[in-house]
Amino acid sequence: MTTTLRPAGPEERQDGGGRARPYDVCVNSRRVGRIRLATDARYEPAAGRIEALEIDAPDRHRGRATVAALAAEEVLRGWGCRQIELTVPADAEAAVRLAAALGYTERSRRMAKELGAPPGLPVGSRDRPLSEAEFPAWFAEAHAAYVPRLMRNGMSRERAERISADGHRAVRPDGAATPDHAVRILAHDGVDVGRVWVAMRRPGQPGGYVMDVKVDAEHRGRGHGRTLMLVAERVCLAEGRPVLGLNVHADNAPARGLYDSLGYRPSAYLLWKPIL
């Protein structure tokens, strides 16, 4: 029997050059599931995604998903993609095993924590909001730090500079006063040591979300990263958001260890592989 992908709708062209299309997964022309493929417009045609893959219950455990995922690679290769990525819920054990068998590796993971009572801060530590006067310097720093992250995923520097600047402006159009966003500065014994940026509402997130957290280089290794995460939890709880989420790269072992110790648990894995 032959498993193939059959277009299930017209191709969708998106702003910025992205494209997407749904397909039926078919065995000898019989529909047994569905898959949706897309490109990430930020990376032009270089990065493709499997946005959804579902096999109908009677046809599961017969290798249909494996063949469909391999066929998806051929489609995306034809679109000019050089890498493919997907997001797998942490509790979808079969999907995690399948992705590993197909050669996908973890790029990053989303983690989340259900919050309890507002935590206290260590003696000598205080936090305050980012002021409007401090916003330009913070914006420039956040933009500069995000550029290499985009480049690490295959984006050119020129495009990364533009995407980072546009993205930061889009989520903070009103500067320090932008609603549903908070940047808190942490000071210890009267000296500023770091900052954390928390979004109260983000698409697909049930609660608050840590957009960025940073301890200044000269103050690292003293527990301030943990304190900044406690600040983020206090901010969320004050806004009535009892869940806090974040994303951490697979190669950032110190951050993963910190989040594990604070009770954050994986909610999804962002996986990828090159298309040869």
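Here the structure is a predicted model, which means the values were calculated and not measured.

Chemist: Sorry if this is basic, but what is going on with the pairing of strand E9 (residues 181-188) here?
Modeler: Regular strands show a simple pattern: their side chains alternate between the two faces of the sheet. E9 sits mainly inside the fold: 6 of its 8 residues count as buried. Where strand E8 (residues 125-129) lies against E9, 5 bridges are found, and the strand directions are antiparallel. Within the sheet, the bridge partner assigned to Pro129 lies in E9 and is Arg184. As paired strands, E9 and strand E10 (residues 191-199) are joined by 8 bridges and run antiparallel to one another. Counted as the bridge partner of Ala187 is Asp192 from E10. If you look at the hairpin formed by E9 and E10, you'll find 2 residues sitting between the two strands, and Asp189 has a positive phi there, around 55 degrees.

Chemist: Before we go on, may I ask you to explain the pattern of salt bridges in this structure?
Modeler: Should the charged atoms of two oppositely charged side chains come close, the side chains can pair. The final tally for this structure, using the stated rule, is 27 salt bridges. Here Asp59 and Arg30 are joined by a salt bridge, their closest N and O atoms 3.1 Å apart. Of this pair, Asp59 sits in the loop between strand E5 (47-55) and helix H1 (64-78) while Arg30 sits in strand E4 (residues 30-39), and the two are 29 residues apart along the sequence. Judged by relative accessible area, Arg30 falls into the partly exposed class, the value being 41%. Connected through salt bridges with shared partners, the residues Arg6, Asp24, Arg31 and Asp56 form a single ionic network.

Chemist: Quick question: what am I supposed to make of the packing of helix H5 (residues 224-238) against helix H6 (residues 253-261) here?
Modeler: Working note: a packed helix pair is described by the angle between its axes plus the distance between those axes. The geometry of H5 relative to H6 is characterised by a closest axis approach of 11 Å and an angle of 50 degrees between their N-to-C directions. As far as their axial angle goes, H6 and H5 are oblique. Here H5 and H6 pass one another in a crossing that is right-handed. Contacts from Gly225, Arg226 and Met229 of H5 reach H6 at Leu258, Tyr259 and Ser261. Within the contact of H5 with H6, the residues separate by chemical class into 3 nonpolar, 2 polar and 1 charged.

Chemist: Looking at this structure, how should I read the environment of Thr227?
Modeler: As for its placement among the helices and strands, Thr227 is situated in helix H5. Overall, Thr227 belongs to the buried group, its relative accessible area being 3%. Separated by 39 residues in sequence, Thr227 and His188 place their C-alpha atoms 10.0 Å apart. Setting aside chain neighbours within four positions, we find Thr227 in contact with Leu121, Pro122, Ser125 and Leu186.

Chemist: What am I meant to see in the layout of surface pockets here?
Modeler: Rolled over the atoms, a probe with the dimensions of a water molecule shows which regions are left empty. Approximately 680 Å³ is the volume found for the second largest pocket. What lines the second largest pocket is a set of 28 residues, and nearest its centre among them are Leu53, Ala65, Ala94, Ala95 and Leu98. If you list the elements that add at least two residues to the lining of the second largest pocket, you get E5, H1, strand E6 (83-89) and helix H2 (93-101).

Chemist: What is the right way to read the pairing of strand E7 (residues 105-114) from this model?
Modeler: When E7 meets strand E13 (residues 265-274), the two strands line up antiparallel, connected through 7 bridges. Of the residues in E13, the one forming a bridge with Ser108 is Leu270. In terms of strand pairing, E7 meets strand E12 (residues 243-249) through 7 bridges, oriented antiparallel. Following the sheet pairing, Ala112 is matched in E12 by Gly245.

Chemist: Even after reading the chapter, I still don't get H6, so can you show me in this structure?
Modeler: In an α-helix, one turn spans 3.6 residues; hence positions three or four apart end up facing the same way. Restricting attention to buried positions, one finds in H6 the residues Ala255, Leu258 and Tyr259. The arc that holds every buried residue of H6, seen down its axis, measures 95 degrees, which confines them to one face. Buried positions along H6 lie against E7, strand E11 (208-215), H5 and E12. In this structure Asn252 caps H6, since a side-chain oxygen of it lies 3.3 Å from the backbone nitrogen of Ala255.

Chemist: Looking at this model, I keep getting lost on the packing of aromatic side chains. Mind explaining?
Modeler: Between two aromatic rings, the relevant description is the distance of the centres plus the angle of the planes. Per the counting criterion, the structure on display carries 4 aromatic pairs. Considering the side-chain rings of Tyr259 and Tyr264, the 6.1 Å spacing of their centres and the 65 degrees angle between planes classify their relative orientation as edge-to-face. Residue classification places Tyr264 among the buried positions, given a relative accessible area of 0%. Put simply, the rings of Phe135, Trp138, Phe139 and Trp197 touch in pairs and so form one group of aromatic residues. In this arrangement the basic side chain of Arg107 is found over the ring face of Trp272, its NZ or CZ atom lying 4.5 Å from the centre. Over the ring of Tyr209 we find Arg202; its NZ or CZ atom is 5.1 Å from the centre of that ring.

Rules and cut-offs
Every chain's residues receive numbers from 1 upward, in the order its sequence appears when written. Under the rules for a predicted model, residues below a pLDDT of 70 receive no local features and side-chain atom pairs below 80 are neither given nor counted, while totals for whole chains, interfaces and linings still include all residues. Remark: hydrogens and water are excluded; side-chain values derive from all non-hydrogen atoms of the structure. The cut-offs for exposure are 20% and 50% of the maximum accessible area for each residue type, with area from a 1.4 Å probe on protein chains only; residues under the lower value are buried, those over the upper are exposed, and the others partly exposed. In DSSP terms, a helix is any run of H or I states spanning at least four residues, a strand is any run of E spanning at least two, and both are numbered starting from the N terminus. DSSP calls a pair of strands paired once it identifies at least 2 bridges connecting them. Any Lys or Arg side-chain nitrogen found within 4 Å of a carboxyl oxygen on Asp or Glu counts as a salt bridge. All axes here are fitted lines through C-alpha atoms, helices being fitted over the stretch that makes contact, and every angle between N-to-C directions spans 0 to 180 degrees. The cut-offs work like this: below 35 degrees is roughly parallel, past 145 is roughly antiparallel, 65 to 115 is roughly perpendicular, and the gaps in between are oblique. In a left-handed crossing the near helix is turned counterclockwise from the far helix by less than a right angle, and in a right-handed crossing that turn is clockwise. Two residues qualify as a contact provided that any one of their heavy atoms is within 4.5 Å of a heavy atom in the partner residue. All residues other than Ala, Val, Leu, Ile, Met, Phe, Trp, Tyr, Cys, Pro, Asp, Glu, Lys and Arg, Gly among them, are scored as polar; the first ten of these are nonpolar and the last four charged. Buried and open spaces are told apart on a 1 Å grid over the protein atoms alone, a cavity being a set of points where a 1.4 Å probe fits but cannot get out and a pocket being an open set with protein on both sides within 12 Å along at least five of seven lines. Residues with an atom within 4 Å of a point are the lining residues. Grid points are joined across faces, edges and corners, and a volume is the space filled by probe spheres set on the points. Think of the arc as the fan of directions from the helix axis to the C-beta atoms. For the purposes of these results, a polar contact is taken to be a pair of N or O atoms within 3.5 Å, where, inside protein, one atom must be able to donate a hydrogen and its partner to accept one; residues adjacent in sequence count only when each atom of the pair is a side-chain atom. Between 30 and 60 degrees the pair is tilted, below 30 it is stacked and above 60 it is edge-to-face, where a pair is any two Phe, Tyr or Trp rings, Trp via its six-membered ring, whose centres lie within 6.5 Å. A ring has a charge above it when a Lys NZ or an Arg CZ is no more than 6 Å from the ring centre and no more than 35 degrees off the ring normal.

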